[in-house]
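Here's the letter readout for the chains.
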Amino acid sequence: MTDSNHIQGRIDWITVGFYVLFVGLGWLNIYSAVYSPDAPLSFSDPAFYDSNAGKQLVWIGTSLVLIICVLVLDFRFFESFALFIYLGLLLLLIAVPFLGVTINGSHSWFKFGSATIQPAEFAKTATALLLAKYLNDPLVNLSKFPFQWKAALIIAIPMVLIVASNETGSALVFASFLILLYREGLPGIYPALFIGGIAMFVSALLVKAWIILVVLILSAGILVLFMPIYSQRDPKTYLRLSGGVAAIMTLALLVEWLVNNVLKEHQRNRIRVLIDPGFDPRGLGYQVTQSKIAIGSGGFWGKGFLGGTQTKFDFVPEQSTDMVFCTIGEEHGFVGVMFMILLFLGFLWRLMYLADLQRSRFARAYGFGLVGILFFHFLVNIGMTIGLMPIMGIPLPFFSYGGSSLWSFTILLFIFLKLDSHRSDMLSR
Amino acid sequence: MFNQRRNLIFLFFAIVGLLFIGKLFFIQVVDDTYEKAADNNAIRKIIQIPFRGEVYDRYGKLIVYNTPVYDLYIIPRKAVVKDTNHFCQVFGITKDYFVKTSQQAKTYSRVKPSLFLKHLSKEQFASVQDAMVDFPGFFFETNAFRTYQSRSFSNALGYVAEISPTTLLEQKGDYYRQGDYVGISGIESFYEETLRGQRGIKYRMVNSNGVEKGDYKNGSLNVNPVSGNNLYTSIDLAIQEYADSLMKHKVGSLVAIEPSTGEILAMVSAPSYDASQLTGNNFSTYYQQLALDPMKPLLNRPPSAYYRPGSTFKLVQALVGQQLGFIGPGTVYSHAGSPVKCHGHGPVNLRGAIRVSCNPYFYHAFRKMIYDNTTGDTYERSAQGLQRWSDLVANFGFGRKLGVDLGNEKKGILPNVEYYNSVYKGNKAWKFSNIYSISIGEGEIVVSPLKMANLAAIIANRGWYIPPHVVKGIGLKKVIDPFYKTPVKVGVEAKYFDVVIDGMQDAVNNGTVGPDGKIPDIKMVGKTGTSQNQKGKDHSIFIAFAPRDNPKIAIAVFVENAGFGGTAAAPIASLVVEKYLKRKVDRKSVESKFMQMNYLPNVYSAGGVSRKKVTTDSTKK
Ligand SMILES: [Zn+2]
């Protein structure tokens with residue numbers, strides 16, 4: 001508590017500036033989405049606070065309280081209590097199937113009065129904290145298998161619990177911890193395999209297996225052609241190449257088998273929609289199509305603030321929560337979305353820059369965990385609105401309507417800012 | 001240790017960011033299909049059809065107006081009918097219709113309105129008003145029907161019907177949509193653009209449930225409907241109805257024009273039809289019946305039918321011959337040397353030739369007009385002579401359109417050099433002996449009743465006419481195209497008309513017109529004609545104007561298959577003239593005789609005249 005006086009001086013105001021900008025722009029978007037030209041609501045009207053824009057204003061207000069709470073806590077609290085926070089959230093995740101309520105078809109919410117909270121949103125923060133704490137031990141070396149295994153376990157337990165409550169989208173967010181682990185020394189082969197696996201997954205859906213085989217053999221051939229003469233004569237090279245081709249082919253076939261036999265019908269359809277937007281035009285295709293129509297109709301300059309028709313008149317389902325990017329695209333056009341993407345990349349860059357300044361591995365690892373989570377949301381959320389990612393219930397950080405989402409991202413971010421403001425007090429190892 | 005990894009990670013982020021920007025550029029800037037899709041989604045274009053202009057007669061009597069009718073619409077999502085039997089009873093529909101139409105509407109859209117029942121009358125509309133509270137999800141939209149005050153004048157008025165697929169395809173611009181009503185013939189067609197007004201368009205925003213959410217762009221794109229302009233016609237409805245009654249049981253035309261203005265006072269096409277039956281639900285059955293009728297009731301004969309003018313054309317010959325300087329009041333011809341026959345009488349001068357309608361006289365006069373030039377052989381001289389003649393005759397409106405404000409005006413035929421060159425396949429292939437039939441209005445010359453009424457007006461005016469027209473004022477300011485105000489000179493000096501009018505006076509008083517065609521107290525002058533008809537009995541023609549001094553009415557009457565011009569056409573014309581000038585008819589016996597006279601052929605053979613040259617001798621007056 002002794003440091004609270006210095007927080008003002010040490011906190012990274014650039015990051016705070018980004019936060020205020022995002023939350024502010026996000027609110028304006030939600031306001032525009034609920035704005036009705038027939039009956040505009042004024043702030044003095046009680047009905048305003050029943051609208052999404054009014055509620056979001058309340059969420060923003062309460063977030064300020066959360067920020068103060070986070071900032072007044074001792075910076076050592078987060079490292080010391082990481083395990084308890086983690087275990088506490090696991091308990092909540094276990095309890096939610098029994099004590100929770102169903103909202104929007106998802107049985108993963110707790111209800112306190114009129115407020116609803118989704119523990120899965122907060123599990124990311126807890127996992128990031130525990131992972132960072134685990135990596136803070138100088139003996140932990142992520143290039144060694146036992147440590148990799150334990151780190152994976154920390155990530156996997158909440159993931160499994162979230163999948164169990166049917167929130168596959170939220171569970172997939174945990175894949176973003178690969179960025180944290182990679183930065184902290186996980187061999188590059190893992191993220192490479194991960195990205196390769198996704199590439200295989202997509203190509204397995206897009207093209208027939210024999211085409212993949214032909215492409216693989218051709219690329220192996222080209223590889224041989226460009227190799228130095230001496231290694232071409234080494235039979236081991238050919239053996240390795242053949243092994244590589246066989247391994248990738250097996251992976252491709254495995255993916256195909258997984259898609260066809262393990263994935264549930266609705267999950268398979270979400271992916272099919274990506275490849276064939278005309279598929280299921282009334283159901284899943286509808287959301288993708290309408291979202292693209294909203295963004296596409298924005299044109300270069302957009303229709304202007306409050307000028308959107310698609311998002312305003314409910315053509316895009318979930319347009320204030322997961323599909324909030326559509327409003328930006330429709331009302332502010334290509335200029336607006338480009339500005340927004342560049343802003344987000346700048347924000348991530350700032351956070352990574354700050355994270356690398358940390359002397360403590362805990363703070364640095366947590367920082368990259370934060371960056372990974374934000375990036376993953378950014379990737380999937382925007383990707384799904386423009387038809388590059390399957391539809392899953394993943395909000396756009398700071399922009400999407402919803403208390404759980406705003407609160408959890410606020411806490412996630414401000415814990416890092418708190419740690420960062422004390423970076424000179426922390427021990428460097 | 002792994003510091004450079006931050007850059008690798010950011011590189012990955014940046015690639016994803018660029019990928020998104022690229023994709024966004026494509027869907028927002030390059031591809032414009034999304035914009036259209038968005039408008040289809042959220043913007044509902046509502047068309048407001050304005051009232052079509054009304055039509056009045058020359059004294060301000062209403063001829064055509066609009067009656068509101070009511071169309072019932074359904075919004076399936078909101079529609080609740082607890083008692084289907086009650087509903088069917090109220091609207092007078094069968095249960096089958098109810099089920100079928102509701103299902104169709106549901107298939108089209110659950111949230112958008114569909115037409116449920118068309119054209120309810122004001123009375124029906126009033127009678128269901130109380131019951132409407134029991135039927136949520138149903139509502140009325142007002143529409144309008146053309147309504148006709150009189151059963152007369154249908155052909156010249158034309159009618160209004162749903163636009164045909166071909167018209168829709170060939171329209172200039174894109175004003176009309178499928179299902180729109182459009183004027184089909186007569187003045188409804190000619191004045192379509194002024195009658196229809198300007199359609200209103202409202203752009204309303206709708207949400208995904210089809211609920212309206214206000215004007216798109218604050219209504220800045222909306223267009224208010226503008227009602228169509230009223231038309232003030234020159235028709236005298238009383239005369240029109242009287243003329244109609246005289247033309248009953250006959251096939252033919254009657255056109256009356258005020259000579260000083262070119263205003264058409266009456267225009268009858270017989271047989272006609274009941275325009276009021278060409279509105280609404282009865283349209284297609286009645287239309288079918290009319291279209292298949294061999295008497296062609298849908299044809300507006302006055303501007304469109306083809307006839308030979310017969311002896312009435314001798315008036316033109318008399319005028320043109322004088323103007324060209326070949327004949328004069330004192331020119332006398334006998335029957336000698338003429339291939340066309342006549343009745344037994346001695347040599348006559350020009351006035352006498354018109355009185356008795358002497359065929360050889362006009363043969364000789366025409367021969368002189370054609371041959372009286374000095375250069376070349378008979379072929380070349382024929383060509384030169386005919387050219388000079390036809391140039392002057394064309395001024396009377398023959399062989400071209402007069403420009404009447406009705407659809408489907410036909411040009412007719414005025415044979416000239418070009419025409420005969422094509423008929424005889426080459427110049428120098430024909431000469432006077434091939435073409436002399438036209439000297440007495442037979443042969444290749446073809447006219448419409450309107451042109452002959454206009455001829456009567458030209459003679460009444462002694463050398464000029466104003467293009468005949470039905471509409472004398474449009475809209476509140478009653479403006480009119482200056483074309484219908486400007487006199488056209490025919491190029492024959494006024495002095496040459498005296499002898500012609502004298503001849504016409506004689507024709508009525510003691511010439512070819514019988515006693516039924518004489519009005520005791522009105523000086524009417526006229527000329528009979530008989531139009532050769534190779535398919536049946538000849539057509540009776542009469543053109544006239546009255547009074548002789550200060551003419552008020554010029555008239556042409558054509559009665560098909562009625563034979564000699566003095567028998568049917570002249571009495572009918574005289575009755576209309578009497579009625580117009582005196583507002584009453586004293587000759588009641590003549591009136592009832594011709595109202596009842598039936599000249600309908602037993603088997604009507606459709607079609608105009610053959611263009612084949614008439615070689616047989618003509619003895620018609
Ligand atoms: Zn004679």
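Data block above holds the structure.
Description of the structure in this document. (Residues numbered from 1 in each chain as written. Chains lettered and ligands numbered in written order. Predicted model: local features only at pLDDT ≥ 70, side-chain atom pairs only at ≥ 80, totals over all residues. Heavy atoms only, no water.)

### Describing the overall build of chain B
Here is the rule we go by: Helix and strand assignments follow DSSP, with helices taken as H or I runs no shorter than four residues and strands as E runs no shorter than two, numbered in order from the N terminus. Throughout, exposure labels follow a simple rule: accessible area from a 1.4 Å probe, protein chains only, divided by the maximum for the residue type, with under 20% read as buried, over 50% as exposed, and the rest as partly exposed. Any two residues having at least one pair of non-hydrogen atoms within 4.5 Å are treated as being in contact. Note on areas: Shrake-Rupley, 1.4 Å probe, and residue coverage restricted to the protein chains presented here.
On a plain count of helices and strands, chain B comes out with 22 helices and 18 strands. Taking all 621 residues of chain B together, 55% fall into the buried category. Pairs at least 24 residues apart make up 72% of the contacts formed inside chain B by residues separated by at least 6 positions. Looking at chain B as shown, the accessible area adds up to about 27000 Å², and 52% of this sits on carbon and sulfur atoms.

### Quick look at the overall build of chain A
Secondary structure summary: chain A contains 18 helices and three strands in total. Taken over 429 residues, chain A has a buried fraction of 53%. Long-range contacts, defined here as pairs at least 24 residues apart, represent 70% of the contacts in chain A between residues at least 6 apart. Carbon and sulfur atoms make up 70% of the accessible area of chain A, which totals about 19200 Å².

### Re the coordination of the zinc ion
Residues and elements named next belong to chain B. The test is simple: Think of the donor list as every N, O and S atom within 2.8 Å of the metal, or within 3.2 Å for Na, K and Ca; water never makes the list, so a site can look incomplete.
Within the protein, the atoms that donate to the zinc ion are His-335 (NE2), Cys-342 (SG), His-345 (NE2) and Cys-358 (SG), at distances of 2.1 to 2.2 Å. Mapping the donors of the zinc ion onto the primary sequence yields the spacing H-x6-C-x2-H-x12-C. Here His-335, found in the loop between helix H13 (314–323) and helix H14 (350–356), pairs with His-345, found in the loop between H13 and H14; they are 10 residues apart in sequence, far enough to count as distant. According to the relative accessible area criterion, His-345 is partly exposed, its value standing at 26%.

### Observations regarding the nonpolar core
Convention followed: Residue types Ala, Val, Leu, Ile, Met, Phe, Trp, Tyr and Cys, when buried and joined through side-chain atoms within 4.5 Å, form a set referred to as a nonpolar core.
In this structure, Leu-181, Phe-325, Tyr-366, Phe-398, Leu-413 and Phe-414 of chain A together with Phe-13 of chain B are the most contacted members of the largest nonpolar core, which totals 117 residues. No other element matches the 17 residues that helix H16 (residues 324–357) of chain A contributes to this core. Apart from residues no more than four positions distant in its own chain, Phe-325 of chain A is found in contact with Ile-295, Val-337, Met-340, Asn-381, Ile-382, Thr-385 and Leu-396 of chain A together with Leu-24 of chain B. Core analysis: the next-biggest nonpolar cluster, separate from the first, contains 103 residues, Tyr-286, Leu-290, Val-447 and Val-490 of chain B among them.

### What to know about the side chain of Ser-574 of chain B
By the element assignment, Ser-574 of chain B lies in helix H21 (residues 569–582). Taking the relative accessible area as the measure of exposure, Ser-574 of chain B reaches 0% and is therefore buried.

### Observations concerning the packing of aromatic side chains
Residue and element names in this part refer to chain B. Here is the rule: Pairing of aromatic rings covers Phe, Tyr and the six-membered ring of Trp, with a centre-to-centre limit of 6.5 Å; geometry is then stacked below 30 degrees between planes, edge-to-face above 60, and tilted otherwise. Charge-over-ring placement is defined geometrically: NZ (Lys) or CZ (Arg) within 6 Å of the ring centre, and within 35 degrees of the ring normal.
All told, the structure shown has 61 aromatic pairs over all chains when counted by the stated rule. For the pair Tyr-420 and Trp-430, a centre-to-centre distance of 5.2 Å together with 40 degrees between the ring planes defines the contact as tilted. Placement of Tyr-420 in helix H17 (residues 417–423) and of Trp-430 in the loop between H17 and helix H18 (432–435) is noted, with a sequence separation of 10 residues between them. Considered together, Tyr-420 and Trp-430 belong to a single accessibility category, that of buried residues. Positioned above the aromatic ring of Tyr-175, the side-chain terminus of Arg-199 is 4.0 Å from the ring centre.

### Some remarks on the side chain of Lys-250 of chain B
Residue and element names in this part refer to chain B. For clarity, the cut-off: When charges are counted, neither His nor the chain ends are considered; positive counts come from Lys and Arg and negative counts from Asp and Glu. Salt bridge, as applied in this entry: a Lys or Arg side-chain nitrogen positioned within 4 Å of an Asp or Glu carboxyl oxygen. Under this definition, polar contacts are N or O atom pairs within 3.5 Å; protein pairs additionally need one hydrogen-donor-capable and one acceptor-capable atom, and for neighbouring residues in sequence, both atoms have to be side-chain atoms.
Along the chain, Lys-250 falls in the loop between helix H10 (237–246) and strand S11 (252–258). Comment: no salt bridge for buried Lys-250; closest opposite-charge side chain is Asp-244, at 11 Å. At 2.8 Å, the side chain of Lys-250 forms a polar contact with the backbone oxygen of Leu-246. Within the local environment of Lys-250, its side chain forms a polar contact with the backbone oxygen of Phe-594, the two atoms lying 2.6 Å apart. Excluding residues within four positions of it along the chain, Lys-250 makes contact with Ala-270, Pro-271, Val-559, Ile-572, Phe-594, Met-595, Met-597, Tyr-599 and Leu-600.

### Regarding the packing of helix H3 (residues 52–72) of chain A against helix H18 (residues 403–421) of chain A
Residue and element names in this part refer to chain A. For the record, the criterion: Here an angle of 0 to 180 degrees is reported between the N-to-C directions of two axes, which are lines fitted to C-alpha atoms, with helices fitted over the stretch in contact. For classification, angles of less than 35 degrees are called roughly parallel, those exceeding 145 degrees roughly antiparallel, those between 65 and 115 degrees roughly perpendicular, and all remaining angles oblique. Helix crossings fall into two classes, left-handed where the near helix is turned counterclockwise from the far one by less than a right angle and right-handed where it is turned clockwise.
Contact geometry for H3 and H18: axes closest at 9 Å, N-to-C directions at 25 degrees. Taken together, the axes of H3 and H18 are roughly parallel relative to one another. Seen along the crossing, H3 lies across H18 with a hand that is right-handed. Each of Gln-56, Trp-59, Ile-60, Thr-62, Ser-63, Leu-66, Ile-67, Val-70 and Leu-71 in H3 lies in contact with H18, whose residues at this interface are Gly-403, Leu-406, Trp-407, Thr-410, Ile-411, Phe-414, Ile-415 and Lys-418.

### Describing the interface of chain B and chain A
Reports often express the size of an interface as the amount of accessible area lost when the parts come together. Which entries qualify depends on this criterion: Simply put, the buried area is the total loss of 1.4 Å probe accessible area from both parts when two parts are fitted together.
At the junction of the two partners, chain B supplies 35 residues and chain A supplies 50 residues. Across the chain B/chain A interface, buried area totals approximately 3800 Å², and carbon plus sulfur atoms make up 74% of it. Of all residues in chain B, Arg-6, Phe-20 and Gln-28 of chain B bury the most surface against chain A, accounting for 19% of the area lost on that side. At the junction of chain B and chain A, the tally comes to one salt bridge.

### Points about the sheet that holds strand S12 (residues 263–270) of chain B
Residue and element names in this part refer to chain B. Under the convention used in this document: Here the rule is simple: two strands pair whenever DSSP picks up at least two bridges between them.
Judged by pairing direction, the sheet is antiparallel, and its five strands sit side by side in the order S12-S11-S18-S17-S16 without closing on themselves. The outermost strands of the open sheet, each flanked by one partner alone, are S12 and strand S16 (525–531). Each neighbouring strand pair of the sheet contributes to a mean axis angle of 10 degrees, computed without reference to strand direction. Relative to strand S18 (residues 553–559), S11 is paired through six bridges, and the arrangement is antiparallel. Within the sheet, the bridge partner assigned to Ile-257 lies in S18 and is Ala-554. The strands that helix H20 (residues 497–510) touches are S16 and strand S17 (539–546); relative to S16, the one it contacts most, it runs at about 75 degrees.

### Describing unusual backbone geometry
In this chain, Ala-270 of chain B is followed by Pro-271 of chain B through a cis amide linkage whose omega measures -5 degrees. In the segment running from Ala-546 of chain B into Pro-547 of chain B, the intervening peptide bond is cis, with an omega of -15 degrees. As for its position among the elements, Pro-547 of chain B is in the loop between S17 and S18. Here Phe-398 of chain A, not a glycine, exhibits a phi torsion of approximately 70 degrees, which is positive. Here Phe-398 of chain A lies in the loop between helix H17 (361–385) and H18. Take Phe-398 of chain A: its relative accessible area is 1%, and that puts it in the buried class. Within the chain, Asn-550 of chain B stands out as a residue other than glycine whose phi angle is a positive 55 degrees. By secondary structure assignment, the location of Asn-550 of chain B is in the loop between S17 and S18.

### What about the pattern of salt bridges?
All names here are of chain A. The full count for this structure, using the stated rule, is 33 salt bridges over all chains. Linking Asp-12 and Arg-350 is a salt bridge whose minimum nitrogen-to-oxygen distance equals 2.6 Å. Of the two residues, Asp-12 is situated in the loop between helix H1 (7–10) and helix H2 (13–34) and Arg-350 in helix H16; the sequence distance between them amounts to 338 residues. Given the relative accessible area of 9%, Asp-12 is considered buried.

### A word on the packing of H10 of chain B against H21 of chain B
All names here are of chain B. Here is the rule we go by: When residue character is reported, Ala, Val, Leu, Ile, Met, Phe, Trp, Tyr, Cys and Pro are called nonpolar, Asp, Glu, Lys and Arg charged, and the others, Gly included, polar.
With their axes 10 Å apart at the nearest point, H10 and H21 run at an angle of 160 degrees to one another. By the criterion of interaxial angle, the relationship of H10 to H21 is roughly antiparallel. For the crossing formed where H10 meets H21, the hand is right-handed. The segment H10 lies against H21, with Ile-239, Tyr-242, Ala-243 and Leu-246 engaging Ile-572, Leu-575, Val-576, Lys-579 and Tyr-580. The residue inventory of the contact of H10 with H21, partitioned by class, reads eight nonpolar, no polar and one charged.

### Some details on helix H13 (residues 235–261) of chain A
Selection criterion: Helix span, expected: 1.5 Å multiplied by one less than the number of residues in the helix.
Helix length check: H13 of chain A, at 27 residues, gives a terminal C-alpha distance of 38 Å against a target of 39 Å (1.5 Å per residue), a fit within 8%. Among the residues making up H13 of chain A, those that are buried are Thr-237, Leu-241, Val-245, Met-249, Ala-252, Val-255 and Val-259 of chain A.

### Some points on a nonpolar patch on the surface
All names here are of chain A. We apply this condition: Only residues whose relative accessible area exceeds 30% and that take part in no salt bridge are eligible for patches, with like-charged residues grouped when within 9 Å of each other and nonpolar side chains (Val, Leu, Ile, Met, Phe, Trp, Tyr) grouped when within 5 Å.
A contiguous nonpolar patch, built from Phe-145, Trp-149, Leu-153, Ile-157, Ile-189, Tyr-190 and Leu-193 and spanning about 730 Å² of accessible area, is present on the exposed surface. Of all the secondary structure elements, the ones that give two or more residues to the nonpolar patch are helix H7 (145–164) and helix H10 (189–206). Broken down by element, the nonpolar patch gets its largest block of residues, four residues, from H7. Classification of Phe-145 by relative accessible area gives exposed; the value is 58%.

By themselves, these observations are geometric and do not establish any function.
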